[in-house]
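# Secondary and tertiary structure notes
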Amino acid sequence: MSKILQHIKNKLLNGKLIDFEEALELSEDRLENEELFNLADEICKKYMGNKVDLCSIINAKSGKCSENCKYCAQSGHYNTGVPSYPLIDIQEVLALAKENEKNGVHRFSIVTSGGSLTNNDFEKVLEMIEALRAETTLKLCASLGSISFDRALRLKEAGLSLYHHNIETCKEYYANICDTHTYDDRIHTIKNAKKAGLEVCCGGIIGMGESMEQRIKMAFEIRELGITSIPINILNPIKGTPLEQVEKIEPLEIIKTISMFRLIIPYASIRYAGGRNALGELQQKGFMAGINAVMVGNYLTTVGNKIADDVKMIQEIGLEV
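Now for a look at the structure at hand.

What counts as what
- Residues numbered from 1 in each chain as written.
- Predicted model: local features only at pLDDT ≥ 70, side-chain atom pairs only at ≥ 80, totals over all residues.
- Heavy atoms only, no water.
- Phe/Tyr/Trp six-rings, centres within 6.5 Å; stacked < 30°, edge-to-face > 60°.
- Helix = DSSP H or I, 4+ residues; strand = E, 2+ residues; numbered from the N terminus.
- Buried < 20%, exposed > 50% of the residue type's maximum accessible area, 1.4 Å probe, protein only.
- Pairing = 2+ DSSP bridges.
- Right-handed = clockwise from strand over helix to strand, strands pointing away.
- Axes fitted to C-alpha atoms, helices over the stretch in contact; angles between N-to-C directions.
- Parallel < 35°, antiparallel > 145°, perpendicular 65-115°, else oblique.
- Contact = heavy atoms within 4.5 Å.
- Nonpolar A, V, L, I, M, F, W, Y, C, P; charged D, E, K, R; others polar.
- Salt bridge = Lys/Arg side-chain N within 4 Å of Asp/Glu carboxyl O.
- 1 Å grid on protein atoms, 1.4 Å probe; cavity = no way out; pocket = protein on both sides within 12 Å on 5 of 7 lines; lining within 4 Å.
- Points joined across faces, edges and corners; volume = space filled by probe spheres on them.
- Expected span 1.5 Å × (residues − 1).
- Polar contact = N/O pair within 3.5 Å; in protein donor to acceptor, adjacent residues only side chain to side chain.

### Focus: the packing of aromatic side chains
Inspection of every chain in the model, using the stated rule, returns three aromatic pairs. With centroids separated by 5.8 Å and ring planes inclined at 75 degrees, the aromatic side chains of phenylalanine 20 and phenylalanine 220 adopt a geometry described as edge-to-face. Linking phenylalanine 20 in helix α2 (residues 20-28) with phenylalanine 220 in helix α8 (residues 212-224), this pair joins segments that are 200 residues apart in sequence. The class for phenylalanine 220 is buried, based on a relative accessible area of 14%. With centroids separated by 5.3 Å and ring planes inclined at 85 degrees, the aromatic side chains of tyrosine 272 and phenylalanine 287 adopt a geometry described as edge-to-face. Placement of the pair is tyrosine 272 in strand β8 (residues 269-272) and phenylalanine 287 in the loop between α10 (283-286) and β9 (293-295), with a sequence separation of 15 residues.

Set out below in structure tokens:
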């Protein structure tokens, strides 16, 4: 075991956090991948135990987004062929939530496209949350774009427990992926949600042309925000978006990035999210390298794994759902 790996192991096992320079040195160290993955797994088990949290989402309003995020199939700035529709009916939301609950899902999130909802749509989402709280035992989440403190408070009062709003990448790289809003705009929404008493789920996308150092910076920025639920998305280059020609990153680099997030934020739920099919047969490996949560079912504009298949995969490696 290399000196830096041993140093970080000792630090984390003694309840201390590593700093940016230590994380960067570890990422550049020529250690075997398995050593890094094994340490991430050990730290994950120490802080998070042996259980895996399952969440699912519903794409409740799709397409025609006014923002120009270069990775996004739902941006109105690009021609991607993704279906576009207004806010769906409450009964459709309830039906999917109940089906997912039967299949062992713990959390359910209402996700809508666009920078923020109209007043009318926001009121309808509040009704959805109240209905879900009354008719299911699921923990309820939402991702509704930018929100004010007042809206965050109303979501909390309606029964929402967690608000999802990614930073997507580190601050220094953000202008490379979007210029219709800023990184600081995203931070503002996250702070509004936290001020209202909501938990916040905040992660990002890897594979958009950023460096490993920039991924590490993103992890530290998320840690600084006090986030304890972190979805890791892997870019699925969508035809028609500015990032359609981006070269896909290798599976082992994806898992290395996951391991680095685990070592930087050892106490958080690190969650497989969109794009994990890029790992192919190595999906299981992530659960032995820092992952302790997973988004199941289909994603916003891409197809995911069947819930039963994910549960089987998790149980095969000795973890509990």
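Having seen it, we continue.
### Quick notes on the pairing of strand β7 (residues 229-234)
Along β7, six of the six residues are buried, which leaves the element largely enclosed by surrounding structure. Bridging between strand β6 (residues 204-206) and β7 involves three bridges; their strand directions are parallel. Its bridge partner lying in β7, isoleucine 205 is registered against asparagine 233. One crossover worth recording links β6 to the parallel β7 by way of α8, and it is right-handed. Pairing between β7 and β8: four bridges, direction parallel. By the bridge assignment, proline 231 is partnered in β8 with arginine 271.

### Section: the packing of helix α5 (residues 119-135) against helix α6 (residues 149-158)
Where α5 contacts α6, the axes come no closer than 9 Å and their chain directions differ by 25 degrees. In this view, α5 runs roughly parallel relative to α6, as classed from their interaxial angle. On the side of α5, the interface is formed by Asn119, Phe122, Glu123, Leu126, Ile129, Glu130 and Arg133, while α6 contributes Arg151, Arg154, Leu155, Glu157 and Ala158. Split by residue class, the contact of α5 with α6 holds five nonpolar, one polar and six charged.

### Focus on the pattern of salt bridges
Applying the stated criterion to the full structure yields 15 salt bridges. When the shortest N-O distance is used, the salt bridge between glutamate 42 and lysine 9 registers 3.6 Å. Separated by 33 residues along the polypeptide, glutamate 42 in helix α3 (residues 33-48) and lysine 9 in helix α1 (residues 3-13) bring together distant segments of the chain.

### Some details on empty space enclosed by the protein
Enumeration according to the criterion identifies one cavity of 30 Å³ or more in this entry. Counted as a void, the largest cavity has a volume near 40 Å³. What lines the largest cavity is simply Cys44, Lys45, Gly49, Asn50, Lys51, Val52, Phe287, Ile291, Asn292 and Leu319. Partitioned by chemical class, the residues of the lining of the largest cavity number five nonpolar, three polar and two charged.

### Structural notes on helix α9 (residues 251-264)
For α9, with 14 residues, the first-to-last C-alpha span of 20 Å sits near the 20 Å given by 1.5 Å per residue. By the criterion of burial, α9 is predominantly enclosed, with eleven of the 14 residues buried. Of the positions making up α9, those classed as buried are Ile254, Ile255, Lys256, Thr257, Ile258, Ser259, Met260, Phe261, Arg262, Leu263 and Ile264.

### A look at the side chain of threonine 257
Mapping threonine 257 onto the fold places it in helix α9. Only 3.2 Å separates the side chain of threonine 257 from the side chain of arginine 215, close enough to count as a polar contact.

Keep in mind that these numbers describe shape and distance, not what the molecule does.
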